[in-house]
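The chain contents come next:
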Amino acid sequence: MESKTEGSASLTSEKLASIDDEDVLNKMLDSAADFEERRMIRAALRDLLKKKREKREQERGVRQQDLRQQGLNKGGTTGGAVSIGRASMNQQPSTHKSVGKPQSATPISRTAGRVGAAAVSAQKCSSAEPPNAKNVKQMLLDWCRAKTEPYEGVDIQNFSSSWKDGIAFCALVHRFFPDAFEYSTLNPYKPRDNFELAFSTAERLAGCAPLLDADDLVRMKEPDWKCVYTYIQEFYRCLVEKGLVKTKKRP
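Rules of the game
- Residues numbered from 1 in each chain as written.
- Predicted model: local features only at pLDDT ≥ 70, side-chain atom pairs only at ≥ 80, totals over all residues.
- Heavy atoms only, no water.
- Helix = DSSP H or I, 4+ residues; strand = E, 2+ residues; numbered from the N terminus.
- Buried < 20%, exposed > 50% of the residue type's maximum accessible area, 1.4 Å probe, protein only.
- Contact = heavy atoms within 4.5 Å.
- Areas by Shrake-Rupley, 256 points an atom, 1.4 Å probe, with all protein chains shown as cover.
- Phe/Tyr/Trp six-rings, centres within 6.5 Å; stacked < 30°, edge-to-face > 60°.
- Salt bridge = Lys/Arg side-chain N within 4 Å of Asp/Glu carboxyl O.
- Polar contact = N/O pair within 3.5 Å; in protein donor to acceptor, adjacent residues only side chain to side chain.
- Core = buried A, V, L, I, M, F, W, Y, C linked by side-chain atoms within 4.5 Å.

## Some details on the overall build of the protein chain
Then step 1. Per the secondary structure count, the protein chain includes eleven helices and zero strands.
Then step 2. Seen in sequence order, the protein chain has helices and strands lined up from the N terminus as α-α-α-α-α-α-α-α-α-α-α.
Then step 3. Every one of the 251 residues in the protein chain was classed for burial, and the buried ones make up 37%.
Then step 4. Intrachain contacts of the protein chain at a sequence separation of at least 6 include 63% that bridge at least 24 residues.
Then step 5. Counting every atom, the protein chain has about 14900 Å² of accessible surface; 51% of that belongs to carbon and sulfur.

Here it is as structure tokens:
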């Protein structure tokens, strides 16, 4: 008890606030055993993500103002066009199909291996659950909720509607690969882009097969929970194999 108390006392909000590396805070959270320490680290993660988002918004505003000024000096209208060129998190959904694609090292075209993985996914999604599936399902849901807790815009309550805009997938992947992309730039009104970013990053860095298809997901009102559950199981298994998740019992 004394060692835990001393550990909690040595870890202060001021020390955590001085850390500006998400990866460092994530590792601290994974290794922390004391409840109060975990609470403080989660709060520091939320504050850091918020600061990064605000900083990017400020930098974007400065760039847009400079471009507008350049356009005025040249007698053009470039500045006005740039000022509306980027969607914000509060923007209403667009009525036209988005053509923008997030950068990814993985080709967009479907290979024979992907087709095979998709076929396996469809079979798994429609298969009957094993007797202990409910316990495993709840454990995996709790794990997803805990890992994405510091992320704004994510509230995982199930394996269906909570994942429909792709943000939860991105948050879960970003938690383990924080340098892969900038989470604060994601737009919930571009689910296809979010799905593709999350799946391609998970495949490239974790070796997770793309069992879900972005086009199929955006056509659904809500994703099929069995398919989402199957994908998260596969992602979890890949993380365990890479040593990024330590557990005695795999979901």
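## Structural notes on the packing of aromatic side chains
Then step 1. Throughout the structure, instances matching the rule amount to 13 aromatic pairs.
Then step 2. Where Phe159 meets Trp163, the ring centres are 6.3 Å apart and the plane angle is 10°; that geometry is what we call stacked. Comparing Phe159 with Trp163, the two get one shared label, buried.
Then step 3. Where Phe159 meets Tyr229, the ring centres are 5.3 Å apart and the plane angle is 50°; that geometry is what we call tilted. Of this pair, Phe159 sits in the loop between α7 (133–148) and α8 (167–176) while Tyr229 sits in helix α11 (residues 225–241), placing them 70 residues apart in sequence.
Then step 4. Taking relative accessible area as the criterion, Phe159 reaches 2% and is therefore assigned buried.
Then step 5. A network of ring pairs unites the aromatic residues Phe159, Trp163, Phe169, Phe195, Phe199, Trp225, Tyr229 and Tyr231 as a single cluster.

## Thoughts on the environment of Gln138
Then step 1. Within the secondary structure, Gln138 sits in helix α7.
Then step 2. Taking relative accessible area as the criterion, Gln138 reaches 39% and is therefore assigned partly exposed.
Then step 3. Note: C-alpha distance between Gln138 and Asn158 (20 residues apart in sequence) is 9.2 Å.

## Some words on the pattern of salt bridges
Then step 1. Tallied over the full model, the rule gives five salt bridges.
Then step 2. Here Asp216 ties to Arg219 by a salt bridge, and the two come within 2.4 Å at their closest N and O atoms. With a gap of three residues between them, Asp216 and Arg219 both fall in helix α10 (residues 214–219), about one helical turn apart.
Then step 3. Taking relative accessible area as the criterion, Asp216 reaches 35% and is therefore assigned partly exposed.
Then step 4. Residue Arg237 is joined to Glu234 by a salt bridge in which the shortest nitrogen-to-oxygen separation is 2.5 Å. A residue pair is termed a helical-turn pair when its members lie 3 or 4 positions apart in one helix, as Arg237 and Glu234 do in helix α11 at three residues.

## Looking at the side chain of Asn194
Then step 1. With respect to the element layout, Asn194 can be found in helix α9 (residues 191–206).
Then step 2. A polar atom in the side chain of Asn194 sits 2.9 Å from the backbone oxygen of Asn187.

## Quick look at the environment of Thr12
Then step 1. Relative to the elements of secondary structure, Thr12 occurs in the loop between α1 (2–10) and α2 (13–17).
Then step 2. With 29 residues separating them in the primary sequence, Thr12 and Ile41 have C-alpha atoms 9.5 Å apart.

## Let's talk about the nonpolar core
Then step 1. Ranked by size, the top nonpolar core spans 45 residues in total, and within it Trp143, Phe159, Trp163, Phe169, Tyr231, Ile232 and Phe235 carry the most contacts.
Then step 2. Looking at this core, the elements that each hand over two or more residues are α7, α8, α9, α10 and α11.
Then step 3. Ranked by residue count, the leading element in this core is α11, at ten residues.
Then step 4. If near-sequence neighbours (up to four positions away) are discounted, Phe235 is found in contact with Leu172, Val173, Phe176, Phe177, Ala202, Ala206 and Cys208.
Then step 5. Leu11, Leu25, Ala32 and Leu45 belong to the second largest nonpolar core, which has ten residues in total.

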